[in-house]
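The primary structure of each chain is shown beneath.
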Amino acid sequence: MSLESIRYSRGSLDILDQLLLPLQTRYVKVEGVEDGWKVINKMQVRGAPAIAIVGCLSLAVELEKDNNSDKKVMRQEIEGKLNYLVSARPTAVNIKLAADELINLANSLSADETVTPEEFKERFISRIEGMLIKDIEDNKAIGRYGCEAILKNSEGDGPVRILTHCNTGSLATAGYGTALGVIRSLQESKRLDHVYCTETRPYNQGARLTAYELVHEKIPSTLIVDSVVSALMNSRRITAVVVGADRVAANGDTANKIGTYQIAIAAKHHGVPFYVAAPLTSIDMSLTSGERIKIEERPEREMTHVGVHRIAAPGINCWNPSFDVTPAALITGIITEKGVFAPDKLSEIESK
Ligand SMILES: CSC[C@H]1O[C@H](OP(=O)(O)O)[C@H](O)[C@@H]1O
């Protein structure tokens, strides 16, 4: 059973505070959209799919308590709250796509005179609840397709070694994970020899979260410092790199956790296949290339301190981009719930 980052029932939402992991397991109650924005912006919950799901669920719990009976007012408030939630973190596209879908739903429910205010709320909240279930189903499909592709692409039928970056597991999604879902599928197929996970400075998603998930499930793994990646590829046979995504542009350029780009360069140099695992909700076909992806810059304190302890010299300037963009040319395949696609073939997904 993988870790539960989101606890939801109609009218009630609690999230696992990932800033406290792995030393403390504490859930934080989310009573509405204000709370939703805060837990996303502070990165108490993080990961592109989880951000979208928690943001929308925070609206669902708020709407469940709302006794408003004017559909037009509800529609207007929903649009404003969703646009507010999207502003919590700019790079991941999932919450923007979810907001667009829900605003369209609210518009059609409001315009349909046969729909009562009670039905409006019920159908709107049910759509959001469906996202929670669909994300897990999508991740299981990503896991299967990714496992199949890596085994097909590897030499012989021996066990494989995977390198991953950041956290893309149950703590970044509704469950099972994207890149970590591929790793789980390889483990279930008994073809996984070893996983190497990077620390992923400065938030340490790898050291604190991915390592936590891997140890929790007894998956054979080793933690490495971010700067060891090239030395690892040079000294160990790495079968493939599998990472997640926050926003994939139409040409396959992919924004992901800072450090992903240089791992892709090292993989190219060492002839290691480099896969991005992401649901369709992470693909932004409105962007022609990765140049237009907004890269979030986070507070320098996340670099200069570990907890309350300062580790960087006072007064030094800091630059703390939270993501970088890996060009499509460095990506072997994009693993989605519809299958694995070459980066320049994303437009074919719709027809699958
Ligand atoms: C399921 S992939 C999620 C994606 O989000 C992470 O970023 P953050 O921890 O800042 O939300 C990282 O880029 C992962 O690949």
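Scoring rules and cut-offs
Residues numbered from 1 in each chain as written. Predicted model: local features only at pLDDT ≥ 70, side-chain atom pairs only at ≥ 80, totals over all residues. Helix = DSSP H or I, 4+ residues; strand = E, 2+ residues; numbered from the N terminus. Rg over C-alpha atoms; globule rule 2.2 N^0.38 Å. Buried ≥ 20, exposed ≤ 12 C-beta atoms within 10 Å, placed from the backbone. Contact = placed C-beta atoms within 7 Å. Domains from an automatic or database assignment. Nonpolar A, V, L, I, M, F, W, Y, C, P; charged D, E, K, R; others polar. Near = placed C-beta within 6 Å. Pairing = 2+ DSSP bridges. Axes fitted to C-alpha atoms, helices over the stretch in contact; angles between N-to-C directions. UniProt positions renumbered as here; feature names shortened; annotations may be inferred. pLDDT = per-residue confidence, 0-100. Left-handed = near helix turned anticlockwise from the far one by under 90°.

Colleague: I'm lost on the overall build of the protein in this one. Help?
Modeller: Helix and strand content of the protein: 10 helices and 16 strands. Relative to its length of 352 residues, the protein is compact, with a C-alpha radius of gyration of 20 Å against a globular reference of 20 Å. Seen through its C-alpha atoms, the protein measures out along the principal axes to roughly 65 × 55 × 40 Å. Burial status across the protein gives 49% buried among its 352 residues. Within the protein, contacts between residues separated by at least 24 positions form 76% of all contacts whose residues are at least 6 apart in sequence.

Colleague: Honestly, the domain arrangement of the protein in this entry has me stumped. Any pointers?
Modeller: In many analyses, interface size is given as the accessible surface area lost on bringing the parts together. One can read the domain layout of the protein as domain 1 (6-135) and domain 2 (145-351). Averaged C-alpha coordinates put domain 1 and domain 2 at centres separated by 26 Å. The partner domain 2 presents 23 residues to the 21 residues of domain 1 that form the contact. At the level of secondary structure, the elements contributing two or more residues to the side of domain 1 that touches domain 2 comprise α2 (48-65), α4 (94-111) and α5 (117-153). In terms of residue count, the dominant contributor to the side of domain 1 that touches domain 2 is α2 (five residues). For the side of domain 1 that touches domain 2, the class distribution of residues is 14 nonpolar, four polar and three charged.

Colleague: Mind showing me how you'd approach the site of the ligand here?
Modeller: Close to the ligand lie 16 residues; R46, T168, A172, G244 and K257 are nearest. Those elements that place two or more of their residues in the shell around the ligand are α2 and β9 (254-257). Its residues assigned to classes, the shell around the ligand comprises five nonpolar, eight polar and three charged. Here the shell around the ligand spans two domains, since at least three of its residues come from each of domain 1 (6-135) and domain 2 (145-351).

Colleague: Looking at this structure, how should I read the sheet that holds strand β2 (residues 12-16)?
Modeller: Strand pairing in a sheet takes place through backbone hydrogen bonds and is either antiparallel or parallel in direction. Here we have three strands laid out as an open sheet, ordered β1-β2-β3, and antiparallel in their pairing. In this open sheet, the two strands that pair with only one neighbour each are β1 (6-9) and β3 (27-29). Strand after strand, the sheet turns through a mean of 20 degrees between neighbouring axes, direction not considered. Note: β1 against β2, four bridges, orientation antiparallel. Pairing of R7 across the sheet is with D14, part of β2.

Colleague: I would appreciate a short explanation of unusual backbone geometry in the present structure.
Modeller: With the exception of glycine, most residues fall at negative phi, and the peptide bonds are largely trans. In this model, L21 is joined to P22 through a cis peptide bond whose omega is 5 degrees. Structurally, the position occupied by P22 is in the loop between β2 and β3. In this structure, the amide linkage connecting R201 to the following residue, P202, adopts the cis form with an omega of 0 degrees. Within the secondary structure, P202 sits in the loop between β5 (192-198) and α7 (205-216). Phi at Y176 is positive, roughly 75 degrees, even though this residue is not glycine. With respect to the element layout, Y176 can be found in the loop between β4 (160-164) and α6 (179-188). Here the phi dihedral of N204 falls at roughly 60 degrees; this positive angle occurs in a residue that is not glycine. Along the chain, the position of N204 falls in the loop between β5 and α7.

Colleague: What exactly am I supposed to notice about the environment of S58 here?
Modeller: Summarising the element assignment, S58 is placed in helix α2. On a C-alpha basis, the gap between S58 and A141 in space is 27 Å, while along the polypeptide they are 83 residues apart. What S58 contacts, discounting residues up to four positions off in sequence, is L13, V30, G32, V33, D35 and G36.

Colleague: Can you help me understand the UniProt feature "active site" (unreviewed entry) in the protein in this one?
Modeller: In this structure's numbering, the residues bearing the UniProt feature "active site" (unreviewed entry) are D246. A tally of 30 C-beta atoms within 10 Å means that D246 is categorised as buried. Apart from residues lying up to four places away in sequence, D246 is in contact with A48, T91, A92, A255, N256, S282 and F323.

Colleague: Is there a simple way to think about the UniProt feature "site: Transition state stabilizer" (unreviewed entry) in the protein in this case?
Modeller: The UniProt feature table records "site: Transition state stabilizer" (unreviewed entry) at C166. If you trace the backbone, C166 turns up in the loop between β4 and α6. Setting aside residues up to four positions removed in sequence, C166 forms contacts with T200, Q205, G206, V243, G244 and K257.

Colleague: Just checking my understanding: could you explain the confidence of the model for the protein for this structure?
Modeller: Parts of the prediction with low pLDDT should not have their coordinates interpreted in detail. On average, residues of the protein score 96 in pLDDT, and 99% of them are at 70 or above. Scoring the predicted complex yields pTM 0.96 and, for the interface, ipTM 0.98.

Colleague: Looking at this structure, how should I read the packing of α2 against α4?
Modeller: When two helices pack together, their arrangement is given by the angle between the helix axes and the distance between those axes. Running from amino to carboxyl end, α2 crosses α4 at an angle of 35 degrees, the nearest separation of the two axes being 8 Å. Two packed elements cross with a definite hand, and for α2 against α4 that hand is right-handed. Where α2 abuts α4, its residues A48, P49, I51, A52, G55 and C56 lie against N94, I95, A98 and L102. When its residues are assigned to classes, the contact of α2 with α4 shows eight nonpolar, two polar and no charged.

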